[in-house]
Amino acid sequence: SPKIIFDTDPGIDDATALLFLNACRNIELLGITTVFGNGNIDTVTRNARYLKRRFSIAAPIARGADRALGLSASPPPIHVHGINGLGDVPIDENDLPPLDPRPAHRFIIDQVHAFPHEVTLLAVGRLTNLALALSEDPTIAKRVKEVVIMGGAFGLAGPNGNVTPVAEANIIGDPHAADLVFAASWPVTAVGLDVTRQVIMRPADIEILARDGGDAGRFIAEISRHYMTYHRRFGLDGFYVHDSTAMAFVLDRSLFETRKGPIRVATDGIAIGQTIMKDRSTFHPPGDWDDAPDQSIATSVDRDGVRRLLMEAY
Ligand code: BDR
Ligand code: CA
């Protein structure tokens, strides 16, 4: 059973994915590492601890980065996931379980060494913790099993970012970290908006979860109410489950098609945060792209298959 470290910024779709992982019998959740994003680091770490307590998640939690690489201050809050990051559903802050004493990137390094070639890093937020782990100990690249991220917008059918026309939130939130992660010699698969926007939870699905999904199902229904209102603003009846879609890739990659090539990230300018894969079969003059290792992106998804996988777990 795959050993997973879940690097996350809970976050409504993050919490949904975490509860799914917790329900999965055939994986081993080694740890949860938090990163700023859907809330500041205090908020998202508090949310992870809350989920751990309420849903009896055994895995330890290590607190991670509070800002993007090279920046001197934490970013201003964003409120797609509500002020409290969990759709403003009230969170009981009493008796939250303790944190692992190590910072997230150290926790990642230690686990990778403890279980060589066995650890899957499933990262569904900014890639800051992964980049810090790589910089502190580049040897982990050769020792992880694989890295699967929710991130990027590869524009397979035209520009499709969600923060700018070309940039997705997890990448534009720390473009330098993302560029480092794609440039390292470890196998990365990016499950980007190109596929995550195809997996939509509908109000009817949420009703089923609320009715048959136990406490986790009820909680997902509660926190999604806010997310659903947000999605309605751009005409969607339901909501995207970005992070759970990346998780589904780890559990059953036969639900996806992928493509390989080197990936770079624009780190400044108008296209900051854009993720671009080079097609090695097309000729370009030699340049920065050629040294980058081949990575993978998801190019299509069996959307009903992923939905079924999710619905059946709760
Ligand atoms: C990503 O950004 C966050 O809001 C979500 O949790 C997801 O990881 C989608 O762009
Ligand atoms: Ca996330």
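Thresholds applied
- Residues numbered from 1 in each chain as written.
- Chains lettered and ligands numbered in written order.
- Predicted model: local features only at pLDDT ≥ 70, side-chain atom pairs only at ≥ 80, totals over all residues.
- Pairing = 2+ DSSP bridges.
- Helix = DSSP H or I, 4+ residues; strand = E, 2+ residues; numbered from the N terminus.
- Contact = placed C-beta atoms within 7 Å.
- Axes fitted to C-alpha atoms, helices over the stretch in contact; angles between N-to-C directions.
- Core = buried A, V, L, I, M, F, W, Y, C linked by C-beta atoms within 7 Å.
- Buried ≥ 20, exposed ≤ 12 C-beta atoms within 10 Å, placed from the backbone.
- Right-handed = clockwise from strand over helix to strand, strands pointing away.
- Near = placed C-beta within 6 Å.
- Nonpolar A, V, L, I, M, F, W, Y, C, P; charged D, E, K, R; others polar.
- Parallel < 35°, antiparallel > 145°, perpendicular 65-115°, else oblique.
- Left-handed = near helix turned anticlockwise from the far one by under 90°.

Caption draft 1: Seen up close, the sheet that holds strand β12 (residues 295-301). Spatially, the eight strands line up as an open sheet ordered β3-β2-β1-β4-β5-β6-β12-β9, and their pairing is mixed. A strand with exactly one partner marks an edge of an open sheet, and here the two such strands are β3 (61-62) and β9 (256-261). Where strand β4 (residues 119-123) lies against strand β5 (residues 146-150), four bridges are found, and the strand directions are parallel. Looking at β5, one finds that Leu122 is bridged to Val148. Relative to strand β2 (residues 28-34), helix α2 (residues 41-54) is tilted by about 150 degrees, and along the sheet it contacts β1 (3-8), β2 and β3.

Caption draft 2: Quick look at the nonpolar core. Core analysis: the biggest nonpolar cluster contains 94 residues, and Leu122, Leu130, Val147, Ile149 and Val181 have the highest contact counts within it. With seven residues, the single largest contributor to this core is helix α1 (residues 12-23). Ignoring any residue separated from it by four or fewer positions in sequence, one finds Val181 in contact with Leu127, Leu130, Ala131, Val147 and Val188.

Caption draft 3: Geometry of unusual backbone geometry. Residue Pro10 is joined to Gly11 through a cis peptide bond whose omega torsion reads -5 degrees. A positive phi angle, close to 60 degrees, is found at Asp88, a residue other than glycine. Mapped onto the elements of the fold, Asp88 is located in the loop between β3 and α3 (104-114). Assessed through the 15 C-beta atoms surrounding it within 10 Å, Asp88 is described here as partly exposed. Of note in the backbone geometry, Asp95 takes a positive phi value of approximately 55 degrees without being a glycine. Among the structural elements, Asp95 can be located in the loop between β3 and α3. The exposure class of Asp95 is exposed, given the 7 C-beta atoms found within 10 Å.

Caption draft 4: Main features of the pairing of β4. Among the five residues that make up β4, four are buried, leaving the element largely enclosed by the rest of the structure. In the sheet, β1 pairs with β4 via five bridges, with the strands oriented parallel. Each bridged residue has a counterpart across the sheet, and for Ile5 the counterpart in β4 is Leu121. Each parallel crossover has a hand, and the one from β4 via helix α4 (residues 128-136) to β5 is right-handed.

Caption draft 5: Quick look at the site of ligand 1. For ligand 1, the set of nearby residues contains 14 residues, the closest of which are Gly11, Asp13, Val124, Ala169 and His242. The set of elements that each furnish at least two residues to the shell around ligand 1 consists of α1, α5 (169-172) and α10 (242-251). Taken together, the residues of the shell around ligand 1 sort by class into four nonpolar, six polar and four charged.

Caption draft 6: Quick peek at the packing of α3 against α4. The N-to-C vectors of α3 and α4 enclose an angle of 60 degrees; their axes lie 8 Å apart at closest approach. It follows from the interaxial angle that α3 and α4 lie oblique. Considering only the axes of α3 and α4, their crossing is right-handed. Contacts between α3 and α4 involve Ala104, His105, Ile108 and Ile109 on the former and, on the latter, Asn129, Leu132, Ala133 and Glu136. When the residues that make up the contact of α3 with α4 are grouped by side-chain class, the tally is five nonpolar, two polar and one charged.

Caption draft 7: Layout of the packing of α1 against helix α9 (residues 214-232). Axis separation between α1 and α9 bottoms out at 9 Å; the angle between their running directions is 165 degrees. Here α1 is positioned roughly antiparallel relative to α9, judged by the angle of their axes. When the axes of α1 and α9 are compared, the crossing they make is left-handed. Note on element contacts: α9 touches α1 through Ala216, Ile220, Ile223, Ser224 and Tyr227, opposite Ile12, Ala15, Thr16, Leu19 and Ala23. Residue composition of the contact of α1 with α9, by class: eight nonpolar, two polar and no charged.

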